[in-house]
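Architecture at a glance
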Amino acid sequence: MARDEVAKTDFRDAILWHLTYTLGKDPDHAQVFDWRLALSHAVRDRIVDRWMTSTRETYRADAKRVYYLSMEFLIGRLLEDNIVNLQLADQAQAAIEGFGLNWREVLLDEPDAALGNGGLGRLAACFMESLATLGCPAYGYGIRYEHGLFRQSFVEGRQHEAPEDWLRQPNVWEFERPEARFTLGFGGQVTVRDCKTLWQPDHFVQAEAFDTPVVGWQGRWANTLRLWAGRAVDPFDLDRFNAGDFAAAAEAEALARTISRVLYPEDSTEKGKRLRLTQEYFFSAASIRDIIRRFEQDHTDLRLLPQRVAIQMNDTHPAVAAPELVRILHDERGLPFDEAVEITRGCVNYTNHTLLPEALESWDEGLFGDLLPRHLQIIDRIDDQDARAHPDRRNTARGDGKVRMGELSFIMSHRVNGVSALHTGLMKTTVFADQNRIWPDRIVNETNGVTPRRWLHSCNPRLSRLITDTIGEGWTADLERLAELAPFVEDAGWLDRFARVKAANKADLCDWVAREQGVMLNPDALFDVQIKRIHEYKRQHLNILEAIALWQEMRAHPSDDWTPRVKIFGGKAAPGYFFAKDIIRLINDVAAVINADAATNGKLQVLYLPNYNVTLAERLIPAADLSEQISTAGKEASGTGNMKFALNGALTIGTLDGANVEIRDLVGPENFFLFGLTADEAEARRTVPDHAAHAVAGDPRLSRAIEAIRGGTFSPGEPDRYAGIVANLTQADYFLVASDFADYWRAQREVDFAYADRKGWARMAALNVARSGWFSSDRTIRGYMRDIWEAESLLDQ
Ligand code: 26M
């Protein structure tokens, strides 16, 4: 049977056909795994036609193309996304159940593609989905890591890391493109001959493309995510093999494959590792070559590049793409240097995701020059020219023996953007103040967003059904329509349905936790959730200190009317970030003690779920009552988890940081639990001598909580276990945990009080849903298309 016929057949037959002919399995002996693959193939067939139509349309329209370069794409599972966007859900579920299988079990059999660390990678995945939904002709470029982010487990409360192996199973979604390969050079010498500069690298690897189609809502458009894998130029040295040196014979291949072997698990700290820079150049250079190749299929004049091509660099990780483009235009194609720079600057844009100095990438010039000698010269020349043009410029890309990637990205970009209003404002006054003075129009804001298809429609089917019953279809692609829910919060019957959705989601979570962890949660308690990377600035330790203080208070006043609470944590720590790992262990230790205490049984539970990933987020967010967004003001660039929670009817307890500010403005201050210092106040507080010690001494609850840690209540027989955390909190406290504790405690008690009035709570939660439509990544992408890329949709709206 031909492929196009397959796509037309009944879905049930399509699954059986693939089971038999693609997978070679007898239906009588097929396992869940086989059915899942067969289903995926059947779904894939239905993507391919639309994918090809979109690609053809892109060529035909000769429209400007957008290229999103990102070191990370945290996609999670794709099967359900694709089924939902192709509107095959009913058919597919009926077919699978018809074969006697459990629908959820089949969907959950797919491994999570964890090709990212956290927010930055997940944002790239949401953007890919929105680009396809909006019909923007776009390509994502990244690395096809063999191993994504490590798997986390707890051994006696401590984080244990194991390699993640998602590619051990066939990846149905990708298409290998052995013909799409580029050879990339590293190291070597730069020579000048006949006034021409020539880079002669001394070793080479190939980048091989793997394409994954990304389908938009209702399957109207599909774009390509192209991930590069490392391959040797000559995979096998037969001479060495024949000489008996079998290991050496395959050495080149092993080395080349190392480049795309693992995702660096670092997030928010920068480690200048040679392999990391190799990865950065590898995927950036392969992508640039692919972009030029595609441009030259129908254009000859490279000066037209900025009209046809917009390149978005997701953070500075792809920053070498800019000098690479200059090198190709100048060294290889002979354009004058200044023109090559101007063309490049017309194409390239940069998104900044952090102001934390320790996270800003910089490379030792020795290492950089060793690996990319020509690029170093190009960067020097651009930086020098710039410094001459602006003699008052202070922040330069070069100096102190470093290559600073933030500065490099800035000077090479048409537009530079922050990811929330507050963050963009701080970019202008702090890290890029100097540049902003010289180029005042370059920095723009594009507040982050999340795709409503995954983060509401799919992850929360009950709430989605209620929304559709209430306001009809159409909100999935036009999320601001959620505003039409607002009048219904005055309707007691409707509000009751809304509350029952949350209760049912919580009951599901309780079942799952009972099955997976053997822990029985109190479903009537307030579900208080903090899920994100473990980092001092995100202040999971503020949350656990509050848990300790609450536990102590409950024990001291057992007959008070306490609002029962379940505190849920999830998140990974970078393997080398020891303070973060101590926080994990402390949370687990505290959980063990509190959960075993009969005195607070049913009133307070603490649960740390291991291996937080996209799938776990999809389980937890719909079941949350309270969203913890408690970072030190001025430190969280935006946050995107905060948006997902609000959209799913959780109330936020949070600081005025990142996009929390915009969430609070939109949902209304009366529907948001605000606490803590502002960014300006935080900055000022750090200059007060002994601010930490004063804050601790002035708050008996905080003192008692810290005393319990110090005294070994949670580490019996080993009181010193948390000496590091205690010393940090009472002495340095750069992230102002102690300073914000009292106000956090106050806000949490307001939460308790508000939750006791279930109707009032449901009303506030529903208003959060109704007023969060603006946080769709469709809105964000429209902003990029308008303000940064000047790109147009190829779908008739
Ligand atoms: C850097 C060097 C070496 C290895 C890894 C890195 C690295 C990887 C990821 C550094 C930072 C990384 O991610 C930072 C991140 O996720 N930032 C978050 O971006 C989100 C999307 O804009 C924001 O919502 C979050 O506030 C921001 O913390």
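Residues numbered from 1 in each chain as written. Predicted model: local features only at pLDDT ≥ 70, side-chain atom pairs only at ≥ 80, totals over all residues. Heavy atoms only, no water.

For the protein chain, an unreviewed UniProt entry supplies the name Alpha-1,4 glucan phosphorylase and the organism Paracoccus aminovorans. As recorded by UniProt, the Catalytic activity (unreviewed entry) comment attached to the protein chain reads in full: "[(1->4)-alpha-D-glucosyl](n) + phosphate = [(1->4)-alpha-D-glucosyl](n-1) + alpha-D-glucose 1-phosphate". Of the comments in the UniProt record for the protein chain, the one headed Subcellular location (unreviewed entry) reads "Cytoplasm". (UniProt positions renumbered as here; feature names shortened; annotations may be inferred.)

1. Quick word on the overall build of the protein chain
The helix and strand inventory of the protein chain stands at 34 helices and 24 strands. Dimensions of the protein chain, computed from the C-alpha atoms along their principal axes, are close to 90 × 70 × 60 Å. Summed over all atoms, the accessible surface of the protein chain reaches about 29,900 Å², with 50% contributed by carbon and sulfur. Of the charged side chains in the protein chain, 93 are positive and 117 negative, and the gap between their average positions amounts to 1 Å. (Helix = DSSP H or I, 4+ residues; strand = E, 2+ residues; numbered from the N terminus. Areas by Shrake-Rupley, 256 points an atom, 1.4 Å probe, with all protein chains shown as cover. Lys, Arg positive; Asp, Glu negative; His and termini not counted. Charge placed at Lys NZ, Arg CZ, Asp CG, Glu CD.)

2. Some details on the domain arrangement of the protein chain
We note that the domain assignment places domain 1 (1–61 + 81–111), domain 2 (62–77 + 112–448 + 781–789) and domain 3 (520–762) within the protein chain. Each of domain 1 and domain 3 has a C-alpha centre, and the two are 43 Å apart. (Domains from an automatic or database assignment.)

3. Topic: the site of the ligand
By nearness alone, 19 residues border the ligand, and Leu120, His353, Asn448, Glu636 and Gly639 come closest of all. In the model, an oxygen atom of the ligand is placed 2.8 Å from a nitrogen or oxygen of the Asn448 side chain. Separating an oxygen atom of the ligand from a backbone N or O atom of Gly639 is a distance of 2.8 Å. In terms of residues, the shell around the ligand owes the most to one element, helix α7 (residues 119–133), which gives three residues. (Near = heavy atom within 4 Å. Polar contact = N/O pair within 3.5 Å; in protein donor to acceptor, adjacent residues only side chain to side chain.)

4. What to know about the packing of aromatic side chains
Each aromatic ring pair is described using two quantities: the centre-to-centre distance and the angle formed by the ring planes. Tallying each qualifying case throughout the model produces 25 aromatic pairs. Summarising the aromatic geometry, the rings of Trp494 and Phe498 are spaced 5.7 Å apart at their centres and angled 20 degrees between planes, so their arrangement reads as stacked. Highlighted residues: Trp494 and Phe498, both in helix α22 (residues 492–517), separated by four residues, approximately one helical turn. When its relative accessible area of 6% is taken as the criterion, Phe498 is described as buried. Measuring from ring centre to ring centre gives 6.0 Å for Phe673 and Trp761, while their planes differ by 20 degrees; the resulting arrangement is stacked. (Phe/Tyr/Trp six-rings, centres within 6.5 Å; stacked < 30°, edge-to-face > 60°. Buried < 20%, exposed > 50% of the residue type's maximum accessible area, 1.4 Å probe, protein only.)

5. Quick notes on the side chain of Asp211
Within the secondary structure layout, Asp211 lies in strand β10 (residues 203–215). At 3.0 Å, the side chain of Asp211 and the side chain of Arg177 are in polar contact. Within the structure, Asp211 has its side chain in polar contact with the side chain of Arg226 (distance 2.7 Å).

6. Quick look at unusual backbone geometry
Its identity as a non-glycine residue notwithstanding, Cys195 has a phi of 65 degrees, on the positive side. Of note, Cys195 is situated in the loop between β8 (189–193) and β9 (196–200). A positive phi is found at Arg539, a non-glycine position, where the angle reads about 60 degrees. You can call Arg539 buried: its relative accessible area is 0%.

7. Remarks on a nonpolar patch on the surface
A cluster of nonpolar side chains, contributed by Phe236, Leu238, Phe241 and Phe246, occupies part of the molecular surface with about 400 Å² of accessible area. Relative to the helices and strands, Phe246 resides in helix α9 (residues 246–249). (Patch = residues over 30% accessible without salt bridge, like charges linked within 9 Å, V, L, I, M, F, W, Y side chains within 5 Å. Salt bridge = Lys/Arg side-chain N within 4 Å of Asp/Glu carboxyl O.)

8. Quick look at the UniProt feature "modified residue: N6-(pyridoxal phosphate)lysine" (unreviewed entry) in the protein chain
As recorded in UniProt, the feature "modified residue: N6-(pyridoxal phosphate)lysine" (unreviewed entry) lies at Lys644. Within the secondary structure layout, Lys644 lies in helix α26 (residues 641–647). Lys644 gets classed as buried once you look at its relative accessible area, which sits at 6%. For Lys644, the contacting residues outside a window of four places in its chain are Arg122, Val450, Trp455 and Ile621. (Contact = heavy atoms within 4.5 Å.)

9. Considerations on the environment of Met643
Secondary-structure assignment places Met643 in helix α26. Between the alpha carbons of Met643 and Pro178 there is a distance of 40 Å; along the sequence they are 465 residues apart. Not counting the four nearest positions on each side in its chain, Met643 is found in contact with Thr447, Asn448, Gly449, Val450, Ser638, Ala659, Ile663 and Phe775.

10. So, the sheet that holds strand β16 (residues 402–404)
If you trace the three strands from one edge of the open sheet to the other, you get β14-β16-β15, paired in antiparallel fashion. Among the strands making up the open sheet, the edge pair consists of β14 (362–364) and β15 (398–399). Two elements, β15 and β16, share two bridges in a ladder whose sense is antiparallel. Paired with Arg398 across the bridge in β16 is Val403. (Pairing = 2+ DSSP bridges.)

11. Let's talk about the nonpolar core
Judged by nonpolar contacts, the single largest core of 191 residues is most densely connected at Ile15, Leu39, Ile311, Phe368 and Trp789. When residues in this core are grouped by element, the largest group, ten residues, is from helix α11 (residues 274–296). Residue contacts for Trp789: discarding those within four places in its chain leaves Lys64, Val66, Leu131, Ala310, Gln312, Asn349, Ile781 and Tyr784. Counting residues in hydrophobic clusters, the runner-up holds 57 residues, among them Leu550, Ala580, Val606 and Ala738. (Core = buried A, V, L, I, M, F, W, Y, C linked by side-chain atoms within 4.5 Å.)

12. Some remarks on the sheet that holds strand β19 (residues 526–531)
Here six strands make up an open sheet; going across it, the order is β21-β20-β19-β22-β23-β24 and the pairing parallel. Either end of the sheet is taken by a strand with one partner, and the two such strands are β21 (604–609) and β24 (673–674). Sheet analysis places strand β23 (residues 651–654) next to β24, joined by two bridges and oriented parallel. Considered in β24, the bridge of Ile653 is made with Phe673. Along the sheet face, helix α33 (residues 758–770) touches β19, β22 (626–629), β23 and β24 and points at about 85 degrees away from the line of β23. (Axes fitted to C-alpha atoms, helices over the stretch in contact; angles between N-to-C directions.)

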